[in-house]
Amino acid sequence: MGLFGRKTVHVDADILVIGGGMAGCGATYESRYWGRDLKIVCVEKANIERSGAVAQGLYAINCYMGMQWNENQPEDHVRYARNDLMGLVREDLGYDIARHVDGTVHKFEEWGLPIMRDPNTGRYQREGKWQIMIHGESYKPIVAEAARKAATQVYNRIMVTHLLMDTTKPNRIAGAVGFNVRTGDFHVFRAKAVIVSAGGASHIFKPRAVGEGMGRTWYAPWSSASAYGLPIQVGAKMTQMENRIVLTRFKDGYGPVGAYFLHLKTYTQNGYGEEYEKRWYEDTKALVGDYVDRHPVPTCLRNHALLKEVAAGRGPIRMVTKEAFQDPHKEVVGWENFLGMTIGQAVVWASQNIDPKHINPELTTSEPYVMGSHATCSGAWASGPEDYAPDEYQWGYNRMMTVEGLFGAGDTIGGTAHKFSSGSFTEGRIAAKAAVKYVKDMKNGQPQVSEQEVRDLRTTVYQPLENFRIGRNEITAGTVSPSYLLPIHGLQRLEKIMDEYVGGISTMYMTNGVLLQRGLELLGMLKEDMNSMGAEDLHQLQRVWELHHRLIASESVTRHTLFREETRWPGYYYRGDHMKLDDENWHCFTLSRYDRDTGEWAMEKAPVYHIVD
Ligand SMILES: Cc1cc2nc3c(=O)[nH]c(=O)nc-3n(C[C@H](O)[C@H](O)[C@H](O)COP(=O)(O)OP(=O)(O)OC[C@H]3O[C@@H](n4cnc5c(N)ncnc54)[C@H](O)[C@@H]3O)c2cc1C
């Protein structure tokens, strides 16, 4: 179908939720609670039934206080997240989630999610201090049902490519555009408030598995940085984008290790059967000082010990499962843990003749990912809760970005690690409550969209199909064309740049100012070539726009990494020219703002306020 055969569908909404994952479902559900008479639209590039990082299911909810049994208080969770992130979290935002997260989990149970119970106490079965165990294969469909019932309409299969800005008021949001990945129709959503909840970013760094196996990453391959790419392009400030995450996971299948460490009480050894973490204590202390003495040891520092041990020639690192798996109950839990959330790991072990009862499986560290809800906190800089945030963190409604009417939740929002699935849904609820208030306060001041801008975007969005249609006539065979670049080629080029210059696996997560500068130059050249992207079909067109979002998020990561002149999180990445943690100069947040008119980036520091003692 040619460019002009496609329909343009106009949708008006009061609240537009972009991305129907955990946070998006929470936002949609809560928007209806506070906005009974509002038009609430959720738009999702897959199908909310099985979309996002929780698509396959989970075996544990990793953020639950247990306040009803006095197990933990919100302040405890703030201390925990602060410690794990080497001192730097938005305590106001973290506290806000922690004080509401239990209510969210109780709703999940009410909606039918089976949560395991401790037979001795009757309480939820704990996996660790913060985690509770679930039979979570159907976690996402259960959560999606609540969103579906709450929404005026859910639009599945629509990839949002750009946000729209108001023509009547500077720096105010007005909606978004995207295209249906099945029919190709162009969609224009006009909205008074927009909540971005489009998940984090995989595949910006080269993965360990390449070629046919490149889809086998820890983080879902469809998490394509839209949560950052969309707000960055309209000038929203971002924070802590350098704080990428590297996971220690079972080798080749990326199976989770939490249940193994916490519930099965397994432990790690080097290739010679020796304990190795203590060996690196002095080395780590020289880099980060007292942070190494904190309990629990921050995740990045445990990675650091593993990396040092492997670099010293004593790999591979193994998880000692042979002992735990002699207990039939633990053996069942060990396998079920994968069957509920990462079936691929069980398949990998079967294919490699690994029975964890008899063989201790290998662990390795993943390529870096960018996300705001796991053990790192990259994302948008957001206004905090009125009753708790310091003045400097408040410029409007809770979870509103620095663009008026643009809200975020889950992986989108920066500064708040350790939200996980329950915390992301909770943050969606928090953002929605504030967005409804924003819409109601707006009264008649409805944002306006430029028709010309919409027409231009329509041309831009489909241009790769045109590039391909014309350019393919220049070649008779193969996929390499002199006049267009396919999305897979662009993706691999991006991953190579990020890997080699910004601290990926091939440099053992090492970078420095010189490498980062060169990385920026190469990213700039890739950016120039993005106008020449070709797409054979709608599937490839989606890949092109995912690449656009990945690229601008990558540039942000690189600029932040260059700006922070210290190594704050050894084990996640190293600045070879500033190997030590430097609290005197860098106990702060890094902020960036992209100016879409000039293409310039502005960097600044923002203070970290410790609200909880
Ligand atoms: C491998 C892995 C394991 C995890 N394990 C656990 C665990 O055991 N326990 C736990 O509690 N938490 C776990 N988490 C964390 C949890 O999954 C996340 O915190 C949570 O899913 C984040 O919610 P979100 O809504 O921000 O993102 P997601 O849930 O990923 O949702 C993002 C949504 O946006 C959609 N989208 C993206 N781009 C666009 C676009 N351009 N247009 C339209 N739609 C778009 C996606 O399709 C997706 O539906 C895990 C995460 C990962 C990655």
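Residues numbered from 1 in each chain as written. Predicted model: local features only at pLDDT ≥ 70, side-chain atom pairs only at ≥ 80, totals over all residues. Heavy atoms only, no water.

Student: It is not clear to me how the state of the cysteines should be interpreted in this structure. Could you clarify?
Tutor: One way to say it: the disulfide is the covalent bond shared by the sulfur atoms of two cysteines. One pass over the full model with this rule turns up 0 disulfides. The cysteine Cys 377 is free of any disulfide, with Cys 300 supplying the nearest cysteine sulfur at 11 Å. Among the cysteines around Cys 588, which has no disulfide bond, Cys 377 carries the closest sulfur, lying 12 Å off. (Disulfide = S-S within 2.5 Å.)

Student: Explain the pairing of strand 1 (residues 8-18) to me, please; I cannot follow it from the model alone.
Tutor: Looking along a regular strand, one sees the side chains alternate between the two faces of the sheet. Note: strand 1 against strand 8 (residues 186-196), 10 bridges, orientation parallel. When the bridges of strand 8 are listed, Val 11 appears paired with Phe 189. Sheet topology places strand 1 next to strand 2 (residues 40-43); 4 bridges connect them, and they run parallel. The residue bridging Val 17 from the neighbouring strand is Cys 42, located in strand 2. (Pairing = 2+ DSSP bridges. Helix = DSSP H or I, 4+ residues; strand = E, 2+ residues; numbered from the N terminus.)

Student: It is not clear to me how the site of the ligand should be interpreted in this structure. Could you clarify?
Tutor: In the vicinity of the ligand there are 33 residues, among which Glu 44, Ser 51, Ala 60, Ser 373 and Ser 421 approach most closely. At a separation of 2.6 Å, an oxygen atom of the ligand approaches a polar side-chain atom of Ser 373. Relative to its unbound accessible area of 1,000 Å², the ligand is 96% covered by the protein chains. Class assignment of the residues belonging to the shell around the ligand gives a composition of 16 nonpolar, 14 polar and 3 charged. (Near = heavy atom within 4 Å. Polar contact = N/O pair within 3.5 Å; in protein donor to acceptor, adjacent residues only side chain to side chain. Areas by Shrake-Rupley, 256 points an atom, 1.4 Å probe, with all protein chains shown as cover. Nonpolar A, V, L, I, M, F, W, Y, C, P; charged D, E, K, R; others polar.)

Student: Could you clarify how one ought to interpret the nonpolar core in this entry?
Tutor: A general tendency of soluble globular proteins is for nonpolar side chains to be buried together. Counting residues in hydrophobic clusters, the biggest one holds 117 residues, and the most contacted among them are Leu 16, Ile 18, Leu 163, Phe 179, Val 194, Tyr 228 and Leu 406. In contact with Ile 18, other than residues within four places in its own chain, are Val 43, Val 160, Leu 163, Ala 176, Val 194, Ile 195, Val 196, Ser 197, Ala 198 and Leu 230. (Core = buried A, V, L, I, M, F, W, Y, C linked by side-chain atoms within 4.5 Å. Buried < 20%, exposed > 50% of the residue type's maximum accessible area, 1.4 Å probe, protein only. Contact = heavy atoms within 4.5 Å.)

Student: Explain the packing of helix 5 (residues 226-233) against helix 15 (residues 538-563) to me, please; I cannot follow it from the model alone.
Tutor: What describes two packed helices is the angle between their axes and the distance between those same axes. Across the interface, helix 5 lies against helix 15 with an axial gap of 8 Å and an inter-helix angle of 75°. When the axis of helix 5 is compared with that of helix 15, the two are roughly perpendicular. Judged by residue contacts, Ser 226, Tyr 228, Gly 229, Leu 230, Ile 232 and Gln 233 of helix 5 engage His 549, Ile 552, Ala 553 and Ser 556 from helix 15. Broken down by class, the residue content of the contact of helix 5 with helix 15 amounts to 5 nonpolar, 5 polar and no charged. (Axes fitted to C-alpha atoms, helices over the stretch in contact; angles between N-to-C directions. Parallel < 35°, antiparallel > 145°, perpendicular 65-115°, else oblique.)

Student: What exactly am I supposed to notice about the pattern of salt bridges here?
Tutor: Between side chains of opposite charge, pairing is possible as soon as their charged atoms come close. The final tally for this structure, using the stated rule, is 46 salt bridges. For the salt bridge of Lys 7 with Asp 185, the shortest nitrogen-to-oxygen distance reads 3.9 Å. Here the residue Lys 7 occupies a position in the segment before strand 1, and Asp 185 occupies one in the loop between strand 7 (173-180) and strand 8, the gap between them amounting to 178 residues. Look at Lys 7 and you get exposed, because its relative accessible area is 55%. According to the relative accessible area criterion, Asp 185 is buried, its value standing at 13%. Taken together, the shared-partner salt bridges connect Asp 96, Arg 99, Asp 387, Arg 399, Lys 419 and Glu 427 into one network. (Salt bridge = Lys/Arg side-chain N within 4 Å of Asp/Glu carboxyl O.)

Student: How should I be thinking about the sheet that holds strand 19 (residues 601-607) in this particular structure?
Tutor: Note: strands within a sheet are paired through backbone hydrogen bonds, in either parallel or antiparallel orientation. Strand order in this open sheet of 4 strands is 14-9-18-19, and the pairing throughout is antiparallel. Sheet topology places strand 14 (379-380) and strand 19 at the edges, where each strand pairs with a single neighbour.

Student: What is the right way to read the layout of surface pockets from this model?
Tutor: Sizing a probe to match a water molecule and rolling it over the atoms shows the empty space that remains. Taken as a whole, the second largest pocket spans an internal volume of roughly 610 Å³. Contributing elements (two or more residues each) for the lining of the second largest pocket: strand 6 (158-165), helix 5, helix 12 (451-471) and helix 15. At 6 residues, helix 12 tops the list of elements feeding residues into the lining of the second largest pocket. Its residues placed into classes, the lining of the second largest pocket shows 11 nonpolar, 7 polar and 3 charged. (1 Å grid on protein atoms, 1.4 Å probe; cavity = no way out; pocket = protein on both sides within 12 Å on 5 of 7 lines; lining within 4 Å. Points joined across faces, edges and corners; volume = space filled by probe spheres on them.)

Student: Explain the sheet that holds strand 12 (residues 317-320) here, please?
Tutor: Read across the open sheet, the 4 strands follow the order 10-13-12-11; overall the sheet is antiparallel. At either end of the open sheet lies a strand with only one pairing partner, and these are strand 10 (248-250) and strand 11 (267-269). Going across the sheet, the axis of each strand differs from the next one's by a mean of 40°, ignoring polarity. For strand 10 and strand 13 (residues 362-365), the ladder comprises 3 bridges, and the chain directions are antiparallel. Its bridge partner being in strand 13, Thr 248 is matched across the sheet by Thr 365.

Student: Hey, could you run me through empty space enclosed by the protein in this one?
Tutor: Counted by the stated rule, this structure contains 2 cavities of 30 Å³ or more. Taken as a whole, the largest cavity spans an internal volume of roughly 80 Å³. What lines the largest cavity is a set of 15 residues, and nearest its centre among them are His 77, Ala 81, Gly 94, Thr 416 and Ala 417. Of all elements in the fold, only helix 2 (74-84) and helix 3 (91-110) reach the threshold of two or more residues within the lining of the largest cavity. The element best represented in the lining of the largest cavity is helix 3, accounting for 4 residues. Classifying every residue of the lining of the largest cavity gives 7 nonpolar, 5 polar and 3 charged. Taken as a whole, the second largest cavity holds about 30 Å³ of empty space. Lining the second largest cavity are Asn 62, His 77, Tyr 80, Trp 130, Gln 131, His 418 and Phe 420. Tallied by class, residues from the lining of the second largest cavity come to 3 nonpolar, 4 polar and no charged.

Student: Just checking my understanding: could you explain helix 11 (residues 420-442) for this structure?
Tutor: Note: α-helices contain 3.6 residues per turn, so residues at a spacing of three or four share the same orientation. If you check helix 11, its first and last C-alpha atoms are 32 Å apart, about what 23 residues at 1.5 Å a residue would give, namely 33 Å. In terms of burial, helix 11 is largely enclosed, as 19 of its 23 residues are buried. A positive backbone phi angle near 50° is found at Lys 443, which sits one or two residues after helix 11. (Expected span 1.5 Å × (residues − 1).)

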